[in-house]
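What follows is the residue order along each chain.
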Amino acid sequence: MPIFLQDEAVSAVLDRSFAAAENDAITLDAFRSTVGPDRTIGDFTAVELAELAADVYMPVSREVGTLLYLLARANRPALTVEFGTSYGISAIHLAAAARDNGAGRIITTELSATKAKAAAGNLAEAGLDAFVEIRTGDAFETLRELPGPIDLLLLDGWNQLYLPLLRLLEPRLAPGALIVADDVTLFPAETRDYLDYVHTPGNGYTGVEIPLDDGLDLALRH
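- Taking an unreviewed UniProt entry as the reference, the protein chain is identified by name as Putative O-methyltransferase belonging to Frankia torreyi.

This is how it looks when you write it as structure tokens:
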């Protein structure tokens, strides 16, 4: 039986998006030049970073997208929450899993209104917009109200916000919830406190780093 991730419309959107993201090498160089050699992303506010990276896709890789699809198919989350929509590539993978599971809802949040609008268009073109709610704005505000417990959490925004956002959402995590953190080796200094927290016995998680793309961390909430 074909899976929706292989649907013609989905494949067309993903192929186009991944091709556009190949220009990230250029835009990331410009981003790093703007940040400067003596500063890190932790020196900027989320709003400043969103403006600096307005043209940067920073997508999950195809392999990571497939892994997200597999995790969502296996875990069958009723509610998935994503921090960092960008242009909607990861949300498409998660929504395709929800469609194939026959149930599931994705709430994703994006600070950049331009990216949120583009993501909405991509999801609609892929035929998956019915499964995804995009909330535009500061994640610490947009994710305060949720319709139920979180079964799958994807952290794919600015890494220095992973731990504070996890702590905010922790009371909403269902037992057995999966937490996926992306780009943990791309921004190691900004992710260290998060990794220390989820890998410290007694904090309620079991986690493992996965050497895919720019580094993933997968954790299970006890």
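Read on, since the account is not over.
1. Here's the deal with the nonpolar core
- Ranked by internal contacts, the top residues of the largest apolar core, which has 34 residues, are Val10, Leu14, Leu68, Ile92, Leu94, Leu128 and Val180.
- Only helix H1 (8–21), helix H4 (62–75), helix H5 (89–101), strand E4 (150–155), strand E5 (173–182) and strand E7 (216–221) provide two or more residues apiece to this core.
- When residues of this core are assigned to their parent elements, the largest contribution, 8 residues, is made by H5.
- Not counting chain neighbours up to four residues away, the residues in contact with Leu14 comprise Leu5, Arg62, Ile89, Ile92 and His93.

2. Details of the layout of surface pockets
- By volume, the largest pocket is sized at about 430 Å³.
- Around the largest pocket, the lining comprises 34 residues; the ones closest to its centre are Gly84, Glu110, Asp156, Gly157 and Trp158.
- Contributions of two or more residues to the lining of the largest pocket are made by helix H3 (46–52), strand E1 (79–83), H5, strand E2 (105–110) and helix H7 (139–142).
- Looking at the lining of the largest pocket element by element, the count peaks at 3 residues for H3.
- A breakdown of the residues in the lining of the largest pocket according to their chemical character gives 18 nonpolar, 10 polar and 6 charged.

3. Considerations on the packing of aromatic side chains
- Counted under the stated rule, the structure contains 3 aromatic pairs.
- For the ring pair Phe83 and Tyr162, a centre distance of 6.4 Å and an interplane angle of 80° mean the geometry is edge-to-face. Within this pair, whereas Phe83 is found in strand E1, its partner Tyr162 is found in helix H8 (residues 162–169), the two being separated by 79 residues in sequence.
- Aromatic ring contacts, followed pair by pair, group Phe83, Tyr162 and Tyr194 into a single cluster.
- Cation over ring: Arg99 sits above Phe4, and NZ or CZ is 3.9 Å from the ring centre.
- Positioned over the ring face of Tyr205 is Arg221, at 4.7 Å from the centre of the ring.

4. Considerations on the sheet that holds E4
- Taken together, 7 strands build an open sheet; the order of strands is E3-E2-E1-E4-E5-E7-E6 and the sheet is mixed. The outermost strands of the open sheet, each flanked by one partner alone, are strand E3 (132–136) and strand E6 (205–210). Mean inter-strand twist for the sheet, computed between neighbouring axes without regard to direction, equals 15°.
- Sheet topology note: the E1/E4 ladder contains 4 bridges and is parallel. Counterpart to Glu82 in the pairing with E4 is Leu154.

5. Focus: the environment of Glu145
- You can see Glu145 is positioned in the loop between H7 and E4.
- For the pair Glu145 and Leu169, spaced 24 residues apart in sequence, the C-alpha separation works out to 9.9 Å.

Quick notes on the rules
Residues numbered from 1 in each chain as written. Predicted model: local features only at pLDDT ≥ 70, side-chain atom pairs only at ≥ 80, totals over all residues. Heavy atoms only, no water. Core = buried A, V, L, I, M, F, W, Y, C linked by side-chain atoms within 4.5 Å. Buried < 20%, exposed > 50% of the residue type's maximum accessible area, 1.4 Å probe, protein only. Helix = DSSP H or I, 4+ residues; strand = E, 2+ residues; numbered from the N terminus. Contact = heavy atoms within 4.5 Å. 1 Å grid on protein atoms, 1.4 Å probe; cavity = no way out; pocket = protein on both sides within 12 Å on 5 of 7 lines; lining within 4 Å. Points joined across faces, edges and corners; volume = space filled by probe spheres on them. Nonpolar A, V, L, I, M, F, W, Y, C, P; charged D, E, K, R; others polar. Phe/Tyr/Trp six-rings, centres within 6.5 Å; stacked < 30°, edge-to-face > 60°. Lys NZ or Arg CZ within 6 Å of the ring centre and 35° of its normal. Pairing = 2+ DSSP bridges. Axes fitted to C-alpha atoms, helices over the stretch in contact; angles between N-to-C directions.

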